[in-house]
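# Chain and residue survey
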There are 2 protein chains.
Amino acid sequence: MADKKYVYSFGKGITEGTGEMRNLLGGKGANLAEMTSLGINVPPGFTITTEVCTLYYENDRTYPEGLEEQVNEAIAKVEKLMGSNFGDPDNPLLFSVRSGARVSMPGMMDTVLNLGLNDETVQGLIKRTNNERFAYDSYRRFVQMYGNVVMGIDGADFEAMIEKKKEELGVTYDSEFTAEALKELVAEFKAHVTAKTGKEFPNDPKEQLWGAINAVFGSWNNPRAITYRNLNDIPHHWGTAVNVQTMVFGNMGDDCGTGVAFTRNPATGENQYYGEYLINAQGEDVVAGVRTPKPIAELEKEMPEIYKELTEIFDKLEHHYKDVQDVEFTFQQGKLYMLQTRAGKRTAKAAVKIAVDMVKEGLIDKRTAVTRVEAAKLDELLHRRIDPNADAKLLAKGLNASPGAATGKVIFDSNEAAELGAAGEAIILVRTETSPDDINGMAVAQGVLTSRGGMTSHAAVVARGMGKPAVSGCESIKVDYEKEQFVAPDGTVVKKGDYITIDGGDGSVYLGQVPTIEPELDDDFELLMSWADEIRTLQVRANADTPEDARKAIEYGAQGIGLTRTEHMFFDEERLPIVQEMILADSAEARKEALDKLLPMQKADFKEILKVMGERPVTIRLLDPPLHEFLPDYNELLVEITELKAKGGDASEIEEKEALLKKIEALHEMNPMLGHRGCRLGMTYPEIPAMQARAIFEAATELVKEGINVHPEVMIPLVSDVNELKKIKEVVAKTADEVIAAAGVDLKYSVGTMIELPRAALTADEIAQEAEFFSFGTNDLTQTTFGFSRDDAEGKFLPHYLDEGILEKNPFQVLDQKGVGQLVKIGVEKGRSTRADLKVGICGEHGGEPSSVKFCHDVGLNYVSCSPYRVPIARLAAAQAEIENPRK
Amino acid sequence: MADKKYVYSFGKGITEGTGEMRNLLGGKGANLAEMTSLGINVPPGFTITTEVCTLYYENDRTYPEGLEEQVNEAIAKVEKLMGSNFGDPDNPLLFSVRSGARVSMPGMMDTVLNLGLNDETVQGLIKRTNNERFAYDSYRRFVQMYGNVVMGIDGADFEAMIEKKKEELGVTYDSEFTAEALKELVAEFKAHVTAKTGKEFPNDPKEQLWGAINAVFGSWNNPRAITYRNLNDIPHHWGTAVNVQTMVFGNMGDDCGTGVAFTRNPATGENQYYGEYLINAQGEDVVAGVRTPKPIAELEKEMPEIYKELTEIFDKLEHHYKDVQDVEFTFQQGKLYMLQTRAGKRTAKAAVKIAVDMVKEGLIDKRTAVTRVEAAKLDELLHRRIDPNADAKLLAKGLNASPGAATGKVIFDSNEAAELGAAGEAIILVRTETSPDDINGMAVAQGVLTSRGGMTSHAAVVARGMGKPAVSGCESIKVDYEKEQFVAPDGTVVKKGDYITIDGGDGSVYLGQVPTIEPELDDDFELLMSWADEIRTLQVRANADTPEDARKAIEYGAQGIGLTRTEHMFFDEERLPIVQEMILADSAEARKEALDKLLPMQKADFKEILKVMGERPVTIRLLDPPLHEFLPDYNELLVEITELKAKGGDASEIEEKEALLKKIEALHEMNPMLGHRGCRLGMTYPEIPAMQARAIFEAATELVKEGINVHPEVMIPLVSDVNELKKIKEVVAKTADEVIAAAGVDLKYSVGTMIELPRAALTADEIAQEAEFFSFGTNDLTQTTFGFSRDDAEGKFLPHYLDEGILEKNPFQVLDQKGVGQLVKIGVEKGRSTRADLKVGICGEHGGEPSSVKFCHDVGLNYVSCSPYRVPIARLAAAQAEIENPRK
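Residues numbered from 1 in each chain as written. Chains lettered and ligands numbered in written order. Predicted model: local features only at pLDDT ≥ 70, side-chain atom pairs only at ≥ 80, totals over all residues. Heavy atoms only, no water.

## Points about the environment of B:G239
Residue and element names in this part refer to chain B. Its place among the elements puts G239 in the loop between α9 (223-231) and β8 (240-246). Judged by relative accessible area, G239 falls into the buried class, the value being 2%. Considering only alpha carbons, one finds G239 and G100, 139 residues apart in sequence, at a separation of 9.0 Å. Excluding its chain neighbours within four sequence positions, the residues that come into contact with G239 are T50, C53, A101 and W220. (Helix = DSSP H or I, 4+ residues; strand = E, 2+ residues; numbered from the N terminus. Buried < 20%, exposed > 50% of the residue type's maximum accessible area, 1.4 Å probe, protein only. Contact = heavy atoms within 4.5 Å.)

## Topic: the pairing of strand β29 (residues 617-621) of chain A
All names here are of chain A. Counting buried positions along β29 yields five of five residues, so the element is predominantly enclosed. Burial along β29 is two-sided: P617, T619 and R621 facing one way and V618 and I620 facing the other are all buried. Sheet topology note: the strand β28 (residues 561-565)/β29 ladder contains three bridges and is parallel. In the sheet register, I561 faces β29, and the bridge partner there is V618. As paired strands, β29 and strand β30 (residues 711-716) are joined by five bridges and run parallel to one another. Across the sheet, V618 pairs through a bridge with P712, a residue of β30. (Pairing = 2+ DSSP bridges.)

## Considerations on the nonpolar core
Within the largest apolar cluster, 309 residues are counted, with the highest numbers of intra-cluster contacts made by A:L378, A:F697, B:L378 and B:F697. With residues up to four places along the chain from it excluded, the contact list for A:F697 reads A:P712, A:V714, A:V732, A:A736, A:V739, A:I740, A:L747 and A:Y749. (Core = buried A, V, L, I, M, F, W, Y, C linked by side-chain atoms within 4.5 Å.)

## Description of the side chain of B:S219
Residue and element names in this part refer to chain B. When you line up the elements, S219 lands in helix α8 (residues 205-219). Residue classification places S219 among the buried residues on the basis of a relative accessible area of 2%. In this structure the side chain of S219 is engaged in a polar contact, spanning 2.6 Å, whose partner is the backbone oxygen of V216. With sequence-adjacent residues up to four places away left out, S219 is seen in contact with M108, M109, D110 and A225. (Polar contact = N/O pair within 3.5 Å; in protein donor to acceptor, adjacent residues only side chain to side chain.)

## Remarks on the interface of chain B and chain A
Taken together, the contacts link 59 residues of chain B with 59 residues of chain A. The junction of chain B with chain A conceals about 5200 Å² of combined surface from both sides, 58% of it contributed by carbon and sulfur atoms. Looking only at chain B, the three residues that lose the most surface to chain A are B:L674, B:R759 and B:I806, adding up to 12% of its buried area. Our count for the contact surface shared by chain B and chain A stands at eight salt bridges. Note that B:E766 and A:K818 form a salt bridge whose closest N and O atoms lie 3.1 Å from each other. The interface formed by chain B and chain A contains 38 residue pairs in polar contact (both at pLDDT 80 or more). When residues of the side of chain B that touches chain A are assigned to their parent elements, the largest contribution, seven residues, is made by helix α24 (residues 634-646) of chain B. Across the side of chain B that touches chain A, the residue classes break down as 23 nonpolar, 19 polar and 17 charged. (Buried area = accessible area lost by both parts, 1.4 Å probe. Salt bridge = Lys/Arg side-chain N within 4 Å of Asp/Glu carboxyl O. Nonpolar A, V, L, I, M, F, W, Y, C, P; charged D, E, K, R; others polar.)

## A short note on the packing of aromatic side chains
The way to describe two aromatic rings as a pair is by their centre distance and the angle between their planes. Evaluation of the coordinates by the stated rule reveals 47 aromatic pairs over all chains. By way of ring pairs, the aromatic residues A:Y56, A:Y57, A:Y63, A:W210 and A:F217 are connected into one cluster. Directly above the ring of A:Y863 sits A:R541, whose terminal nitrogen or CZ lies 4.1 Å from the centroid. The ring centre of B:Y8 lies 5.0 Å from the NZ or CZ of B:K5, which sits over that ring. (Phe/Tyr/Trp six-rings, centres within 6.5 Å; stacked < 30°, edge-to-face > 60°. Lys NZ or Arg CZ within 6 Å of the ring centre and 35° of its normal.)

## Some words on the relation of the copies chain B and chain A
In screw terms, the move from chain B to chain A is a rotation of 180 degrees and a rise of 0.2 Å along the axis, fitting with an RMSD of 0.5 Å. In symmetry terms, the pair is related by a two-fold rotation axis. In terms of proximity to the rotation axis, the leading residue of chain B is B:N671, whose C-alpha is 2.2 Å off the axis. Comparing interface residues between copies, 100% of those in chain B also lie at the interface in chain A; the contact surface is shared. (Least-squares fit on C-alpha atoms with pLDDT ≥ 70 in both.)

## Examining the environment of B:G454
Residues and elements named next belong to chain B. Position of G454 relative to the elements: it lies in the loop between β19 (447-450) and α18 (458-466). Of the residues examined, G454 reaches a relative accessible area of 0% and is grouped as buried. Expressed as a C-alpha distance, the spacing of G454 and E34, which sit 420 residues apart in the sequence, is 49 Å. Excluding residues that lie within four positions of it along the chain, G454 makes contacts with L399, A460, S472, D791 and E794.

## Re a negative patch on the surface
A grouping of A:D3, A:E65, A:E68, A:E69 and A:E73 is seen on the molecular surface, where their side chains present a negatively charged patch. By secondary structure assignment, the location of A:E69 is in helix α3 (residues 67-82). (Patch = residues over 30% accessible without salt bridge, like charges linked within 9 Å, V, L, I, M, F, W, Y side chains within 5 Å. Areas by Shrake-Rupley, 256 points an atom, 1.4 Å probe, with all protein chains shown as cover. Lys, Arg positive; Asp, Glu negative; His and termini not counted. Charge placed at Lys NZ, Arg CZ, Asp CG, Glu CD.)

## As for the side chain of B:T129
All names here are of chain B. As for its position among the elements, T129 is in helix α4 (residues 121-129). From its side chain, T129 meets the backbone oxygen of L125 in a polar contact 2.8 Å long. What T129 contacts, discounting residues up to four positions off in sequence, is F134 and M252.

## Considerations on the sheet that holds strand β10 (residues 274-279) of chain B
Residues and elements named next belong to chain B. On the basis of which strands lie adjacent, the open sheet formed by five strands has the order β11-β10-β9-β12-β13 and antiparallel pairing. If you trace the sheet from one side to the other, it starts and ends with β11 (294-295) and β13 (335-343), each paired once. Direction of pairing for strand β9 (residues 257-262) relative to β10: antiparallel, over a ladder of six bridges. Bridge assignment links A261 to a residue of β10, and that residue is G275.

## Regarding helix α2 (residues 50-58) of chain A
All names here are of chain A. Those residues of α2 lying buried are T50, V52, C53 and Y56. Buried residues of α2 fall within an arc of 155 degrees about the axis and therefore sit on the same side. Residues of α2 that are buried in the fold lie against α1 (22-37), β3 (45-48), α3, α8 (205-219) and β8 (240-246). (Arc of directions from axis to C-beta.)

## Comments concerning unusual backbone geometry
Residues and elements named next belong to chain B. Positioned with a positive phi, K322 is a non-glycine residue whose angle comes to about 55 degrees. Positive phi, close to 50 degrees, is recorded for E484, a residue that is not glycine. Relative to the helices and strands, E484 is located in the loop between β21 (478-480) and β22 (485-487). On the basis of relative accessibility, which here comes to 28%, the residue E484 falls in the partly exposed class.

## Examining the pattern of salt bridges
Summed over the entire model, instances satisfying the criterion amount to 135 salt bridges over all chains. Residue B:R264 is joined to B:E318 by a salt bridge in which the shortest nitrogen-to-oxygen separation is 3.0 Å. Of this pair, B:R264 sits in the loop between β9 and β10 while B:E318 sits in helix α12 (residues 304-321), and the two are 54 residues apart along the sequence. For the pair shown, B:R264 and B:E318 are each scored as buried. Between B:K308 and B:E312 there is a salt bridge, with the nearest N and O atoms lying 3.2 Å from each other. Here B:E312 and B:K308 lie together in helix α12, a separation of four residues that amounts to about one turn. Taking the relative accessible area as the measure of exposure, B:K308 reaches 52% and is therefore exposed. The exposure class assigned to B:E312 is partly exposed, which follows from its relative accessible area of 45%. Each of A:K603, A:K607, A:R694, A:E698, A:E702, A:E706, A:K734 and A:E738 takes part in a single network of salt bridges with overlapping partners.

## Describing the packing of helix α5 (residues 132-149) of chain B against α8(B)
Residues and elements named next belong to chain B. Close contact between α5 and α8 brings their axes to 10 Å; oriented N to C, the two are set at 45 degrees. As summarised for this structure, α5 and α8 are arranged oblique, according to the angle between their axes. Handedness of the crossing formed by α5 with α8: left-handed. Residues F142, Y146 and V149 of α5 pack against E207, Q208, G211, A212 and A215 of α8. Considered class by class, the residues forming the contact of α5 with α8 number five nonpolar, two polar and one charged. (Axes fitted to C-alpha atoms, helices over the stretch in contact; angles between N-to-C directions. Parallel < 35°, antiparallel > 145°, perpendicular 65-115°, else oblique. Left-handed = near helix turned anticlockwise from the far one by under 90°.)

## Overview of the confidence of the model for chain A
Put simply, chain A has an average pLDDT of 92, and 98% of its residues get 70 or more. Scored as a whole, the predicted complex attains pTM 0.83, and scored at its interfaces, ipTM 0.83. (pLDDT = per-residue confidence, 0-100.)

Printed below as a string of structure tokens:
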């Protein structure tokens, strides 16, 4: 059998590969082949395929037969093209050896430069360049890099030897070393390698080459590369290619140089060349920052010919790839070489501008433009955030409980926060965890920081509801209420009144007042989103609990409200006592009395939200959380009573408090997440859904009378069996029909349910017979499908699971398509099997996460609903999903 | 179109129906037809089919066309057979009208007797019987019954009128009424009916008949009938038949009589006629208990001819139906009529004996015998139970947490209980709930009663583990530790030292020492079980945590252990402090130290259990519950500290306790059921599974050396993703292989997992690649599938759900086939798709519940595992499942 092709040559007209062969040649290899075929001057070389990497690991780190021969042939081709020979003491050919996976894994794998130097060939390099110092510097760099990367010597050892040499010679910079000093260093480095490893430093260039190839393939499975792949969803079986390429030198003299550039500005998106270069330098010098590189525009003056050739290549590449390119180049003795080109990474702002500009330029169409912006990155544009140029001291990291950045004085007591906040002070409320007693403080604070609790803790839920930045579960800070301070992991003590800044978007806590910047939504953004809206078939709604949320939702393009949580209204300072009265009621009558007081308040809330949304559908979920969430903290009350007793306090006060304690105790649950909540509350206390339905429909009918054709949808939470839905639906429909009849108006409404328990998905065929719509509550569905309590998991074992790669993603952030997604699919299929026109949406946090939005599109959902701030992300992701998998 | 046949006649040679037509004619109707065809003398009549009932409800309570005609024709046939006419004033035919569904629903629906009497026909009856008093008594009974059942008058009204009449006449018994008095009562009853309803009492016999037919069909949907059907799994669409039958009278004189009998003793199963009769009486007199009926044997002396004919019929029926019959008969003026026959209800003991005897008699085969004993009823035979003849005062009802009956003195303090118990006192430990601190008291108590906590509360779990009777969640009693008493709902105060008796089988709490009886397992039982074992294909294992459990399991026929919970060993008084040391350890080293102390203890436990089980497989589950279950109660400690502080206690003591409190707090979870437990413990603390594996395999290898070929199976709990299993399996296998290699023995073991989370079932194909066996943990699977925390649900909303029929059964007792069962099926199918020979079992409590066992058989499980005491139930249910749905 003829040997398989494992090696692809490129350079000066030879292009065995193409840009399409990314899977086989890796991104870098494919682009080098592609550039060559475009007639761009690329240092000749060859690519060893990713397939070899796979075979290498499959066969116990050995190479397939024929590889060595193919490599030798490829070297011969390069030698012929370059007119120099690998290992030739007169005119040596030198190579760089680099990794190159299908997708870029920057800095994760190994590289060796200047390969092919030894005590003989260095002489040839001197001869050819007439530059002994350059030649020995190249040799020193090679031995240092090879010693580290291939032979495993700690890089710090070499650095220490350089420092020692500087001291000996009394010089400050590397550049002050003479050729002689560099020569000595080479010898010392080699001796050190031998002392440490017991092996001679290889002189044979071929041996050097295979050592470097081994090292690059080996680096595919170094721990940081594995972690990087886990984090970025890169399959481990892909493997890397190895690119062996002729060395060109930007540091051979003043007619040499090197640079990196983007074909457009990657920060702003402006259509102007953007980059830096250094004369007489190698690539690593640009990165090292010892010398300050010059902006690319200066090259036009300094080297107009090179500049002209370079920018022509920029244009050629951009037109060829139809995207911004990030290139590396070197010019050696007046000759320009392109070392690399790839799609340029860019900010969200730049991505939007570039996509829109390229459409205007006729380079791409709208559909392509829509795919050019990573949906998740839009988040950058939608919240106040930490100024990326600010100098900030990170104190700690917690959970990104509610996005946005906020700065304020640290206050530990909610009442104090409420006072100061009312007086106009910017406050960050810091608590171990929050309870309903803290609502007043949270309401005025700029942001909230808690040391305990997960993404669904009281603090997180309420802050998201209020649209306020919050960091929760920041377990590394120690909050001390008595001393009114917290201690950061590095020992920094933050006292009451000190300023901190939090970023709820990534969970960061910074010391002091860090500058923040406003979200920036410009015309380009609006235009791109309008294209997304034209394309997508999946509707996007918002989760909104307040009129402010609803307004924000419309501003961000929501087509309706997919979830209004009525309980958040219950936490209001004025209402909480009435809510508590309702909960602690001894009889249905007493409960009814309290509910009668809540009715006008709920009605007013609903009326305003419905009014804001106008004809758009508004899904209102009936009361969901366990009732004890609204009650005072059990432990605090217990301590209070114990103290009162110990101090011989007032007997009647003790008695009263003990009665309250008993009631809280009676409502206590072992696992409230799986307890007496959701529709189960309405099953035992039908007065509650009846009141809520009355509030909704009185509000709605009044608006209809005012000429606004509202569309309320009543959603019943936590259904596990169709009979629950039937029962509560009866209560709702009875009230609704009464109210509508009394008002004498024409009002259409629908009643549906959350599908948030596995059993609801599994029996969706029965449930759909009663439900006019489904909304997948993927937060709870994730909890029950995994058996993970989010509050406990995110603080305890889940981080460990993600670190170890047990789970690739946090399933509370990214929908677990494998498990939870199966239930979603089952639910959709079974639901539509008995009600063909069933409207199906999702209202968990996943509704605003791009991969989850795509999943929702793929399984045929009608809409996703997410936080108003994520609506644009969902709109864009939905359009991308449609492009990937068209429905229409 | 010819009318459909809705009416089937029977009697004296006419048999339009057959015994096979039970679905159409109901049980009673089919048996009447069958008896007729056997040549047995049945009072002639006809059956209106269950189909009519269905049509009646489908068509808004109207009858199908042609029905009236068919009824008239059937009446004419009876008239011809009887030589008397319905409504004939000279020789009136009278009817009884009774319900009759496919399965017996005793007392749930309506009956009318003596129908056809009015002021004219009563004269005919007088003429024919020469007994005016009898005739008017019949008439009085008819008006009373019809007025109540058909016309809706409260039965108490008539009773009051009878009492008034007695007072007026100065008589004590009904039987003392003269004909005249009865005639007056008839008139008064009718007047009362008219006064109450505004309608005349119908005189026309046909009108009477249709009124009665309407009433019987209507009674199919009375609330108690609906509830009965819900409780007994009888579909609501089945409907009832109506049986209209010639009245025969046992109360026409001393040559008349009536009786009920069983063809064998339904209490003991002995093969002797068993029953009672009364001379000159109607059926209701036998039931009413005013006169004492005579044992059936006396009839032989009193009326030898009737007795001979009757017992010949008994034998004929038993041979025909091949089962014990429960019959009703009447003899009128020396002529014997059989009114009804049906399979006789019997005790578990009788069922076993009768089934075995009938096989010995050649009446039935072994397979039939196995179907003749209701598996669930075996429970009666397997536990000490309250003597059914005892006179006991029920104090309260709680949850049936751990079966068996126990009597003892009430003690509230566990230390006190421990002392008294050690001194030989019989104790019932009564607590609001138990914690690890109560283990010493529980260990010596006869039984445990708690006012809080569900079926998986600490008390319930530990008691079941100890094989001790327990009643948990008995919320209606108020426990007062200070006064050392509890108060029952009726106000009874039970003080420390008072005796109570609890029945953990049904959750009852009785006052005083109620006699209890020992389980009785005789040779018949063993024989029947051996037949079941021959038939069944589903294996039965036991859940056993101790050597005692294991011995009991073998005694009851278990083929292995399906679940050994290792945590129960951790609750031991001696070990708990070491367990706490392990949990509170600050480092892996400190944890290791504590684990090293636990190792020999666990090893000793495992060794003994494995030894008892010998070559039978033993599945040992690694530590499962959240660690804080082993720690002191947070609130108690909090109170202690607060008190110490208030009283200015010792500073170092306070500090120490506060440190402990902080650690407990750090381990606190919002929803421990979904928290850091199961394999998640081993993921973060791999030292724990390593220690447990070492204990298991050191024990196992020592036994192999002793010549016992044990078969340990290590089971990893709460897996949600294959990666968890992979990781822990590695730890276990590494330890196992080390230990086995060091011992130098040949030992086969397997590692498998619980499937107890929806995601595990949904990804079972992946999991099966790592798991050598699956065991469905249907307790947790039910919790997560429904989103019900058992602890909370059973005390809070679940009883309401069952009362209201939202759920037909408690899904924690009877496997929810609709939802949870789907996941079991998915899990089995997916699991076997990647590992064809995967061994699959179930170890939730459902493993011992007959309908769930059948489900497990049907979906192809290899085994069920349940409490040792339920093993015989599972064996029998498995055999019945095989007969119903054969695998072999």
